[in-house]
Amino acid sequence: MDSSSPQEQHAETRLVTSGRDTKAQKGFVNPPVFHGSTVLYPTAEDLHAHRGEFTYGRHGSPTTKAFQETLMALEGPQCAGVGIVPSGLSAISTTLLSVLKAGDHILVVDNIYRPSRNFCNGMLTRYGVETTYFDPMIGAGIDKLFKPNTRAVLVEAPGSQSFEMPDIRAIAEVAHGRGALVIDDNTWATPLYHRSLDQGVDISMQAATKYIGGHSDIMFGTISANAKAWPMIAEGIRLLGVCAGPDDVFLALRGLRTLSVRLAQHHRSGLEMARWLAARPEVARVLHPGLETDPGHAIWKRDFTGASGLFSIVLKPAPQKAVDTMLNTLKLFGMGFSWGGFESLAIPFDCDAYRTATKWEPGGPTLRLHIGLESTDDLKADLDRGFAALKAAM
């Protein structure tokens, strides 16, 4: 390997070195945070021609450029551009509004992030875009669902909350044969562990609020696209006027620098906790594609180089009151609707109300867990106390 070429360097090195120009930064390691809207032009001729690296605050600054260059280096050679938006949901809505028009049809995986479904059923329906949901395990069988006006396929690997693993390669091959774009919500693995643009995806989105930020202190979204899709994304961002605040951009860039070490710990701790939970008498099933027993494991092993700290468990039948007692007993697992930060989290969920192409029948109460950076011994002890409370309340 030629380490002198950035694209030949390991991902860990690219995360640390990309997007940095210490000479331009007066020797400082990090770029400054540019708070600004107006950019002045030196001459009237430059003003008329909009000539300049930066033209207006909404369109970017040296801070956003540093972030974009770093994420592009992580996404790989298929990445033609990175868009920055103020949240993960904004990444989804901006992407869909950029590639779809009235009269189009989109195929969406049935285990998609619920706000993505809400956007499709709400805003897209209002704008005359039809949505069809499909079984996440459909693979190449998705061919039967295409219509003459199918413009895009939206996937999430693994799926939100229930963690089924769609075969993105098979889906992309069919979609491209039909002239459709493939869009992936890649928040769970990030491009560090899943370079989805290399798997046939045209647009890869992330809620960078999660692992890229890494500290539960920003709202942020990214949209990475290949050469075919990037012009549409760039135009959509410009027309919609979306942008992220400079402080959040800086914090996201700071998070990128340590992503490899943090995600490696989430990977190790997540798998350790998943295996421990699988052996618990209170647990019927663990939903984690990194486990050898998981139905999606073969695809995960083929397409991913690691896992994050997010997965779900199915408890053996128990009344909701007992599950709530368990949750209230936990001290290290907080209850909150996010993940990707340094802290462990646990929430109950039920997918039944927002599944239409598949039936959600887990066989017991379900909990989504995020394994943070705490000691796994302490997390096991915390859950052990929670399980004891669960039993006592039944």
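Residues numbered from 1 in each chain as written. Predicted model: local features only at pLDDT ≥ 70, side-chain atom pairs only at ≥ 80, totals over all residues. Heavy atoms only, no water.

A. Quick look at the overall build of the protein. Scanning the protein for helices and strands turns up 13 helices and eleven strands. In terms of overall size, the protein behaves like a compact globule, its C-alpha atoms giving a radius of gyration of 22 Å where 394 residues would be expected to give roughly 21 Å. Projected onto its principal axes, the C-alpha positions of the protein cover 75 × 55 × 40 Å. Taken as a whole, the protein presents about 17000 Å² of accessible surface, with 55% of it coming from carbon and sulfur. The averaged location of the 41 negative side-chain charges in the protein is 1 Å from the averaged location of its 38 positive side-chain charges. (Helix = DSSP H or I, 4+ residues; strand = E, 2+ residues; numbered from the N terminus. Rg over C-alpha atoms; globule rule 2.2 N^0.38 Å. Areas by Shrake-Rupley, 256 points an atom, 1.4 Å probe, with all protein chains shown as cover. Lys, Arg positive; Asp, Glu negative; His and termini not counted. Charge placed at Lys NZ, Arg CZ, Asp CG, Glu CD.)

B. Quick peek at the pairing of strand E11 (residues 366-370). The element E11 is extensively covered by neighbouring structure, given that five of its five residues are classed as buried. Covered by surrounding structure in E11 are Thr366, Arg368 and His370 together with Leu367 and Leu369, the residues of both alternating faces. The pairing of strand E9 (residues 310-315) with E11 spans five bridges and is antiparallel. Residue Leu310 lies in a different strand from E11, and its bridge partner there is His370. Note that strand E10 (residues 345-349) and E11 share five bridges and pair antiparallel. Bridging across to E11, Leu345 finds its partner in His370. (Buried < 20%, exposed > 50% of the residue type's maximum accessible area, 1.4 Å probe, protein only. Pairing = 2+ DSSP bridges.)

C. Representation of empty space enclosed by the protein within the structure. Under the definition given, this model contains one cavity of 30 Å³ or more. There is about 30 Å³ of room inside the largest cavity. Looking at the largest cavity, the residues that line it are Leu310, Gly336, Ser338, Trp339, Leu345, Ala346, Ile347, Arg368, Leu369 and His370. For the lining of the largest cavity, the secondary structure elements donating two or more residues are E10 and E11. Looking at the lining of the largest cavity residue by residue, the class counts come to six nonpolar, three polar and one charged. (1 Å grid on protein atoms, 1.4 Å probe; cavity = no way out; pocket = protein on both sides within 12 Å on 5 of 7 lines; lining within 4 Å. Points joined across faces, edges and corners; volume = space filled by probe spheres on them. Nonpolar A, V, L, I, M, F, W, Y, C, P; charged D, E, K, R; others polar.)

D. The arrangement of helix H9 (residues 246-257) in detail. Compared with an ideal rise of 1.5 Å per residue, which puts twelve residues at 16 Å, H9 spans 17 Å between its outermost C-alpha atoms and is within 8% of the ideal. Burial in H9 covers these residues: Val249, Ala252, Leu253, Gly255, Leu256 and Arg257. On its buried face, H9 is in contact with helix H1 (11-17), helix H3 (62-75), strand E1 (81-85) and helix H10 (259-278). (Expected span 1.5 Å × (residues − 1). Contact = heavy atoms within 4.5 Å.)

E. How the structure looks around the environment of Gly340. Checked against the element boundaries, Gly340 lands in the loop between helix H12 (320-329) and E10. Owing to a relative accessible area of 0%, Gly340 belongs among the buried residues under this scheme. Between the C-alpha atom of Gly340 and that of Gly214, which follows or precedes it by 126 residues, the distance is 5.7 Å. In this view, Gly340 contacts Lys210, Tyr211, Gly214, His266 and His370; residues no more than four positions away in its chain are not counted.

F. Examining unusual backbone geometry more closely. A cis amide bond, omega -10 degrees, links Ala157 with the succeeding residue Pro158. You will see that Gln161, though not glycine, has its phi angle at about 75 degrees, which is positive. With respect to the helices and strands, Gln161 occurs in the loop between strand E4 (150-156) and helix H6 (168-177). Even without being glycine, Phe163 reaches a positive phi, approximately 65 degrees. Mapped onto the secondary structure, Phe163 falls in the loop between E4 and H6.

G. Representation of the pairing of strand E7 (residues 221-225) in the model. Burial analysis of E7 places five of its five residues in the buried class, which makes it a mostly covered element. By the alternation rule, side chains of E7 split into Gly221, Ile223 and Ala225 and Thr222 and Ser224, which are all buried. One ladder, built from five bridges, connects E1 with E7; its direction is antiparallel. Residue pairing in the sheet places Val82 in a bridge with Ser224 of E7. In this sheet, E7 lies alongside strand E6 (residues 203-206) in antiparallel orientation, the contact comprising four bridges. Note that in E7 the partner of Gln206 across the bridge is Thr222.

H. Quick look at the layout of surface pockets. Estimated volume of the largest pocket: approximately 780 Å³. Along the wall of the largest pocket there are 35 residues; nearest its centre are Arg58, His59, Gly60, Ser61 and Thr64. Broken down by secondary-structure element, the contributors of at least two residues to the lining of the largest pocket are H3, E1, helix H8 (230-240) and H9. When residues in the lining of the largest pocket are grouped by element, the largest group, five residues, is from H3. In terms of residue class, the lining of the largest pocket is made up of 17 nonpolar, 14 polar and four charged. Here the second largest pocket defines a volume of roughly 580 Å³.

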